[in-house]
Amino acid sequence: MSEQILLQGKILGTEDFLLAGPAEGRSGRSAGEDLLAGRSQWITLLCEALPRALLAELGLARILLGSSGGGQFLVVLPGETRQAAEDFLAAAARQIAGLSSGYVSLIWGVTDNLGDWAVIRKRLNEELQGKRNAPLAAAQTEPGGAAFQPFTRVPSAEADAYFAKELGAKVRGAARIFWSPEAPGKITPEEGKHSWPLSSNLSPESIMVARHAAPSDDGTSAATVQTLARRAQGRSIWGVLRGDVDNFGLRLRRVNSIEEHVPLSVLFKQFFAGELEVLCSLPEFWRKVSILYTGGDDFAVYGSWDALIGLAREVQRLFHRFTEENLKDYPGPEGKTISMAIALAPETYYPLSAVYEEAGRSLDLAKSADKDCIYLLGRVLEWRRLADAAELKDTVTRLVHDFRMSRQFLYQLRSFYRRESYADWGPAETQRTWRFQRRFNRILSGTRDREFQKLRTHLITEMVGRKSAEVKLRPAGLVALEWARLVTEV
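So, a few notes on the structure that sits alongside this text. Within every chain, residues take consecutive numbers counted from 1 along the sequence as written. Since the coordinates come from a predicted model, pLDDT governs what is reported: local features require at least 70, and pairs of side-chain atoms require 80 or more to be given and counted, while whole-chain, interface and lining totals use all residues. Water and hydrogen atoms play no part in the side-chain values, which are based on all heavy atoms of the structure.

### Focus on the sheet that holds strand 3 (residues 72–78)
DSSP bridges decide pairing: two strands pair if at least two such bridges lie between them. Secondary structure elements are taken from DSSP: a helix is a run of H or I of four residues or more, a strand is a run of E of two residues or more, and numbering for both begins at the N terminus. Sheet architecture is open: four strands sit in the order 2-3-1-4, paired in antiparallel fashion. With one partner strand each, in any of the chains shown, strand 2 (65–69) and strand 4 (105–112) form the two edges of the open sheet. For this sheet, the mean angle separating the axes of adjacent strands, direction not counted, is 20°. Strand direction decides the pairing type here: strand 2 and strand 3, joined by four bridges, are antiparallel. Residue pairing across strands places Ser 67 opposite Leu 74, the latter belonging to strand 3. For helices, the axis comes from a line fit to the C-alpha atoms of the stretch in contact; other axes are also lines fit to C-alpha atoms, and the angle between any two N-to-C directions lies between 0 and 180 degrees.

### Notes on the side chain of Lys 367
Following the sequence through the fold, Lys 367 ends up in helix 10 (residues 352–369). Among the polar contacts listed, one links the side chain of Lys 367 to the side chain of Asp 244, at a separation of 3.2 Å. Residues are treated as being in contact if the distance between any of their heavy atoms lies within 4.5 Å. Not counting chain neighbours up to four residues away, the residues in contact with Lys 367 comprise Asp 244, Val 245, Asp 246 and Ser 339. Throughout this description, a polar contact denotes any pair of N or O atoms lying within 3.5 Å of each other; where both atoms belong to protein, one of them has to be capable of donating a hydrogen while the other can accept it, and for residues adjacent in sequence the pair is counted only when both atoms sit in side chains.

### Some thoughts on helix 5 (residues 157–169)
Along an α-helix, residues three or four positions apart point the same way, because every turn accommodates 3.6 residues. Exposed residues in this analysis have more than 50% of their type's maximum accessible area, buried residues have under 20%, and partly exposed residues fall in between, with area computed by a 1.4 Å probe over protein chains only. Along helix 5, the positions that sit buried rather than exposed are Ala 159, Asp 160, Tyr 162, Phe 163, Ala 164, Glu 166, Leu 167 and Gly 168. Those residues of helix 5 that are buried lie in contact with helix 1 (14–19), helix 2 (33–57), helix 3 (82–99) and strand 6 (183–188).

### Focus on the pairing of strand 9 (residues 238–245)
Counting buried residues along strand 9, eight of its eight residues qualify, which places the element largely inside the surrounding structure. Alignment of strand 9 against strand 11 (residues 298–304), held across seven bridges, turns out to be antiparallel. Paired with Gly 243 across the strands is Phe 299, a residue of strand 11. Bridge count between strand 9 and strand 12 (residues 338–344): seven bridges; the pairing is antiparallel. Counterpart to Gly 243 in the pairing with strand 12 is Met 340.

### Section: the packing of aromatic side chains
Two rings belonging to Phe, Tyr or Trp (six-membered ring only in the last case) form a pair when the distance between their centres is within 6.5 Å. Interplanar angles under 30 degrees mark stacking, angles over 60 mark edge-to-face geometry, and anything in between is tilted. In this structure the tally under the stated criterion is 15 aromatic pairs. Their ring planes at 70° and their centres at 5.5 Å tell us that Phe 17 and Phe 163 sit as a pair that is edge-to-face. Placement of the pair is Phe 17 in helix 1 and Phe 163 in helix 5, with a sequence separation of 146 residues. Of the two residues, Phe 17 and Phe 163, both sit in the buried class. Relative to Phe 319, the ring of Phe 271 lies with its centre 5.6 Å away and its plane at 65°, an arrangement referred to as edge-to-face. One end of the pair, Phe 271, is in helix 8 (residues 258–280); the other, Phe 319, is in helix 9 (residues 305–326), with 48 residues separating them in the sequence.

### A closer look at unusual backbone geometry
Here the phi dihedral of Ser 101 falls at roughly 60°; this positive angle occurs in a residue that is not glycine. Secondary-structure assignment places Ser 101 in the loop between helix 3 and strand 4. You can call Ser 101 buried: its relative accessible area is 13%. You will see that Asn 247, though not glycine, has its phi angle at about 55°, which is positive. By secondary structure assignment, the location of Asn 247 is in the loop between strand 9 and helix 7 (248–253). What makes Asn 247 partly exposed here is its relative accessible area of 37%.

### Brief notes about the packing of helix 2 against helix 3
For the pair helix 2 and helix 3, the least separation of the axes is 11 Å and the interaxial angle reads 155°. In terms of their interaxial angle, helix 2 and helix 3 are classed as roughly antiparallel. In terms of crossing hand, the pair formed by helix 2 and helix 3 is right-handed. Residues Trp 42, Leu 46, Leu 50, Ala 53, Leu 54 and Glu 57 of helix 2 pack against Ala 85, Phe 88, Ala 92, Ile 96 and Leu 99 of helix 3. Gly is put with the polar residues, along with every residue not named as nonpolar or charged; the nonpolar set is Ala, Val, Leu, Ile, Met, Phe, Trp, Tyr, Cys and Pro, and the charged set is Asp, Glu, Lys and Arg. Looking at side-chain class alone, the contact of helix 2 with helix 3 contains 10 nonpolar, no polar and one charged residues. Here is the rule for angles: anything less than 35 degrees is roughly parallel, anything more than 145 is roughly antiparallel, 65 through 115 is roughly perpendicular, and the remaining ranges are oblique. Left-handed describes a crossing whose near helix is turned anticlockwise from the far helix by less than a right angle; the clockwise case is right-handed.

### Structural notes on the side chain of Thr 44
Here Thr 44 shows up in helix 2. Here Ser 40 takes part through its backbone oxygen, which lies 3.0 Å from a polar atom of the side chain of Thr 44. In this structure, Thr 44 is in contact with Val 209, Tyr 293 and Thr 294, ignoring residues within four places of it in sequence.

Next comes the structure, spelled out in structure tokens:
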């Protein structure tokens with residue numbers, strides 16, 4: 001029996017690549033939604049196609065593919081194919097760097113499949129870390145060599161056309177993707193030496209990928225962000241939702257064998273690709289949201305602001321059930337919770353990449369503040385508090401619609417959250433409570449209807465808390481007021 005080796009590949013620089021602007025002179029939608037979608041699909045499909053193409057070129061069975069997706073892949077190879085595999089990946093890495101103008105790099109580590117999994121993983125990580133920290137170590141260092149060439153990152157118009165037209169526009173409806181050794185860094189939906197079917201369902205022969213896009217009004221293409229904004233309830237705003245599993249990397253590092261590592265990686269990838277595709281096809285979402293990408297432990301979606309909130313709640317609910325069922329035998333909370341962030345566009349005509357970047361910053365803020373939470377409308381909330389905000393939003397909306405409260409009513413309620421609102425209040429809690437109640441009653445006065453009084457009492461209780469002697473406005477209250485304002489504005 002021949003010696004076995006493990007090869008792990010990683011794709012780096014994806015975030016900077018997605019946020020890079022279009023080539024000079026390009027404008028319009030292809031430089032926005034289609035370009036970002038195409039770049040996202042390219043990264044997603046590279047992680048799936050490259051290991052499959054490697055096995056096909058070496059004449060090996062697909063069963064040797066361990067895991068793929070989420071920016072990395074793992075394959076088992078015979079020891080005698082090591083040099084051929086490295087030559088294959090080196091050629092792919094050169095074209096990947098060229099297509100991405102140097103933003104994206106492909107690195108890999110190879111080690112013998114001998115010893116405990118913790119030792120094997122340590123050897124792989126050390127090699128990958130060495131290549132990450134010293135990217136020019138293997139470059140030609142003589143005068144005039146590759147290491148001394150001018151370093152520029154100017155997007156290519158030809159590459160942008162490939163991402164926007166070949167991938168962003170065509171892959172969403174393609175049945176198969178193709179790969180050729182003449183262009184090892186390219187994935188196309190038209191022709192090539194090797195091909196694999198695309199599917200949103202789990203299949204041993206196909207690549208599982210989420211590709212839902214809200215249809216345009218005429219149904220011939222994906223809806224633009226302006227169209228998605230118009231489909232929102234209340235105010236016409238669109239946004240981006242990003243989610244990421246908390247401490248998923250730590251969860252993977254704690255598994256004891258490759259037999260645990262591979263199924264766990266595949267399981268999470270299948271959850272995001274499968275569940276998001278199903279959720280986005282539901283009646284309340286299918287015309288309002290489009291998927292940018294799904295990874296091994298994260299995802300990104302853009303669409304109407306109201307649909308994004310509902311989608312976030314559903315994904316969190318399903319993820320909670322998923323981890324309860326599949327991670328019940330794993331100790332610790334790592335990998336069992338998910339945090340998300342929603343960023344809204346300040347205006348209808350705004351670059352998708354800028355809102356995507358803002359959602360990423362908000363997600364980092366949410367994850368640094370706590371775990372298992374969401375950044376929404378300027379506040380970080382635990383998921384259970386989001387349900388409170390939704391209930392309070394419904395109460396405020398009823399007061400506006402059923403009892404004809406003016407929009408000024410919402411701004412007056414929101415003023416309680418301004419620091420200067422407390423400037424003239426006395427230090428005693430009783431005086432603070434009395435003044436707060438007087439101002440609140442003034443805003444909500446005007447009728448003695450029993451239902452109105454019931455809603456009024458509920459609103460005060462939920463915004464302030466059940467202990468009337470301690471006025472402490474809840475963050476969920478501000479989220480609810482902002483939420484209600486967006487719902488009621490036209």
